Amino acid sequence: MALVERLQSVKNETPVTDITQNLPTLQFESALDGSEKDHLPLRIRSHAISVSACAQATFFTSILNKARQKKNELKSPVKKSSRFLQDLQQRDSLKVGIIGCGRLGSQLADCLLTYGGIPAHDLAVSTRRPETLENLKNRDVDCYHDNKELASSSHVIFICVLPSQFPVIAEEIKSEIRAEAFVYSLMSSYSIKKLCQLLKTTNILRPEISWDSNTVPPAWEYSVSVSQALENKQTVLRTCPFYENHEDCVVLTKEKLMESMVFCLINFCSEAMLTRKETLTIVNSTLFEDCQDELRESDFIKKLDPKSWTFPKYDLVKIADLSTPVIGRLMKQRLLRNYLQKKYCFLFENYLQLKAYGQIS
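Cut-offs applied
- Residues numbered from 1 in each chain as written.
- Predicted model: local features only at pLDDT ≥ 70, side-chain atom pairs only at ≥ 80, totals over all residues.
- Heavy atoms only, no water.
- Buried < 20%, exposed > 50% of the residue type's maximum accessible area, 1.4 Å probe, protein only.
- Helix = DSSP H or I, 4+ residues; strand = E, 2+ residues; numbered from the N terminus.
- Salt bridge = Lys/Arg side-chain N within 4 Å of Asp/Glu carboxyl O.
- Phe/Tyr/Trp six-rings, centres within 6.5 Å; stacked < 30°, edge-to-face > 60°.
- Arc of directions from axis to C-beta.
- Contact = heavy atoms within 4.5 Å.
- Axes fitted to C-alpha atoms, helices over the stretch in contact; angles between N-to-C directions.
- Parallel < 35°, antiparallel > 145°, perpendicular 65-115°, else oblique.
- Nonpolar A, V, L, I, M, F, W, Y, C, P; charged D, E, K, R; others polar.
- 1 Å grid on protein atoms, 1.4 Å probe; cavity = no way out; pocket = protein on both sides within 12 Å on 5 of 7 lines; lining within 4 Å.
- Points joined across faces, edges and corners; volume = space filled by probe spheres on them.
- Pairing = 2+ DSSP bridges.
- Right-handed = clockwise from strand over helix to strand, strands pointing away.
- Core = buried A, V, L, I, M, F, W, Y, C linked by side-chain atoms within 4.5 Å.

(A) Just unusual backbone geometry, in detail. Even without glycine at this site, D140 takes up a positive phi of about 70°. Residue class for D140 comes out exposed when judged on its relative accessible area of 61%. Positive phi outside glycine occurs at K200, with the angle close to 60°. Counting through the fold element by element, K200 comes out in the loop between helix 9 (192-199) and strand 6 (204-205). For K200, a relative accessible area of 59% translates into the label exposed.

(B) Broad picture of the pattern of salt bridges. In the structure shown here, the tally under the stated rule is 18 salt bridges. Between K193 and D321 there is a salt bridge whose closest N-O contact spans 3.4 Å. Here K193 is found in helix 9, whereas its partner D321 is found in the loop between helix 14 (316-319) and helix 15 (325-332), with 128 residues between them in sequence. By the burial criterion, K193 is exposed, and D321 matches it. The shortest N-O distance in the salt bridge between E244 and R334 comes to 3.1 Å. Of this pair, E244 sits in the loop between helix 11 (233-239) and strand 8 (252-253) while R334 sits in helix 16 (residues 334-356), placing them 90 residues apart in sequence. Here the residues in one salt-bridge network are D293, R296, D299 and R329, joined through shared partners.

(C) Spotlight on the packing of aromatic side chains. Applying the stated criterion across every chain, the model contains 11 aromatic pairs. Where Y115 meets Y351, the ring centres are 4.8 Å apart and the plane angle is 70°; that geometry is what we call edge-to-face. Of this pair, Y115 sits in the loop between helix 5 (103-114) and strand 2 (123-126) while Y351 sits in helix 16, and the two are 236 residues apart along the sequence. Residue Y351 is classed as buried on the basis of its relative accessible area, which comes to 13%.

(D) Looking closely at helix 8 (residues 166-173). Residues of helix 8 that are buried include every one of F166, I169, A170 and I173, and no others. Projection of helix 8 onto a plane perpendicular to its axis shows the buried side chains occupying an angular sector of 100°, all on one side. Opposite the buried face of helix 8, by more than 90 degrees, sit the exposed residues V168 and E171. Where helix 8 is buried, its residues meet strand 1 (96-99), helix 7 (147-153), strand 4 (156-159) and helix 9.

(E) Main features of the packing of helix 8 against helix 9. At a minimum axis distance of 8 Å, the contact between helix 8 and helix 9 shows a crossing angle of 45°. Accordingly, the angle class assigned to the pair helix 8 and helix 9 is oblique. Where helix 8 approaches helix 9, its residues F166, A170 and I173 are matched on the opposing element by L195, L198 and L199. Of the residues contributing to the contact of helix 8 with helix 9, the split by class is six nonpolar, no polar and no charged.

(F) Geometry of the layout of surface pockets. What the second largest pocket holds in volume is close to 940 Å³. Taken together, 39 residues form the lining of the second largest pocket, with L104, G105, C160, V161 and L162 sitting closest to its centre. At the level of secondary structure, the elements contributing two or more residues to the lining of the second largest pocket comprise helix 3 (40-75), helix 5 and helix 8. By residue class, the composition of the lining of the second largest pocket is 18 nonpolar, 15 polar and six charged.

(G) Representation of the pairing of strand 5 (residues 182-185) in the model. Burial along strand 5 is two-sided: the residues F182 and Y184 and V183 and S185 are all buried. Note: strand 4 against strand 5, four bridges, orientation parallel. Note that in strand 5 the partner of I157 across the bridge is V183. In the classification by handedness, the crossover that spans strand 4, the intervening helix 8 and the parallel strand 5 is right-handed. Across two bridges, the pairing between strand 5 and strand 6 is parallel. In the strand pairing of strand 6, V183 is matched with I204.

(H) Highlighting helix 15. Burial in helix 15 covers these residues: V326, I327, R329 and L330. Projected onto a plane normal to the axis of helix 15, the buried residues spread over an arc of 160° and lie on a single side. Tucked into the core, helix 15 has its buried residues touching helix 12 (256-271) and helix 16.

(I) Looking closely at the nonpolar core. Counting 84 residues, the largest nonpolar core has F158 and F300 as the members making the most contacts within it. Sorting elements by how many residues they give to this core places helix 3 first, with 12 residues. The residues contacting F300, other than those within four sequence positions of it, are V262, F263, I266, L280, L295, F311, Y314 and V326. In terms of nonpolar packing, the next biggest core, distinct from the first, is built from 23 residues, I159, I173, I177 and M187 among them.

Written out as structure tokens, the structure reads:
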């Protein structure tokens with residue numbers, strides 16, 4: 001009963017983010033004329049894009065980090081008496097780097113620290129003005145201006161820079177990216193093929209976000225920060241690529257993003273030289289734990305090579321353009337989609353539960 005009351009109190013909290021909320025004449029919209037107000041949906045969509053991008057990127061780091069821990073448990077089993085200590089400190093934790101820490105990069109960093117379970121010492125930021133990031137520095141995040149160092153030391157590299165800055169950055173980091181590292185681009189103006197051409201790697205993810213500009217977007221709270229927006233369960237649902245109520249979404253993300261994440265887990269296991277059986281065990285336990293259905297070898301390989309005991313390393317750039325059996329299964333099997341959606345939402349709900357228990361402030 002006490003937990004229910006705590007959860008209800010957290011749900012009912014109203015973050016103080018806009019002091020003009022009940023003062024219409026002081027709000028942003030009051031200074032706009034009729035033609036300018038026609039562009040207000042752009043503000044709503046811009047905020048929704050940021051929330052969706054940060055939520056999806058946070059989910060990706062979470063499942064990749066979980067897969068890393070499961071790989072370690074598989075290769076180096078821990079006695080039950082030692083499991084508690086293992087849980088307190090992860091082995092071989094995921095190193096995450098963000099290149100560019102303007103508005104989007106700083107919001108992503110906040111989400112990774114708040115929801116993604118990424119400790120501050122495993123997160124690094126490279127930006128032209130690290131002296132402006134006092135908030136992240138106070139949380140013990142490593143902030144500096146060295147793109148090469150960040151690329152060479154990160155398992156996941158988020159690109160959050162202006163498109164005009166990217167060619168120079170790509171030239172700096174292309175030879176520093178690890179073979180097992182993933183590049184996650186939040187730049188909409190560069191296609192995944194162009195990113196591959198500039199970065200010389202195929203381990204690239206790029207969400208494709210779209211909307212219907214001819215329709216008025218549904219209600220969306222855009223006056224709160226991205227991190228605060230994700231405290232709302234319905235908002236989280238609306239950012240999930242497998243959410244089926246499209247009319248309720250301000251922006252839509254193609255389901256292929258989830259498929260790419262699955263292949264990222266496969267590539268991670270292949271790079272670690274895990275057998276196909278071990279790989280499927282890790283992928284299914286990470287994404288479909290306790291599900292009555294799961295992904296199989298036939299979803300990834302049409303004809304098994306008896307000489308090969310691992311999955312091949314997949315080209316994520318080609319996967320983005322192909323209709324694979326994996327996306328076919330995910331789209332046809334509602335049970336698998338529902339489990340992925342449940343896993344996605346739980347990441348953010350878990351934060352509220354810990355907050356309700358008083359385990360986090």
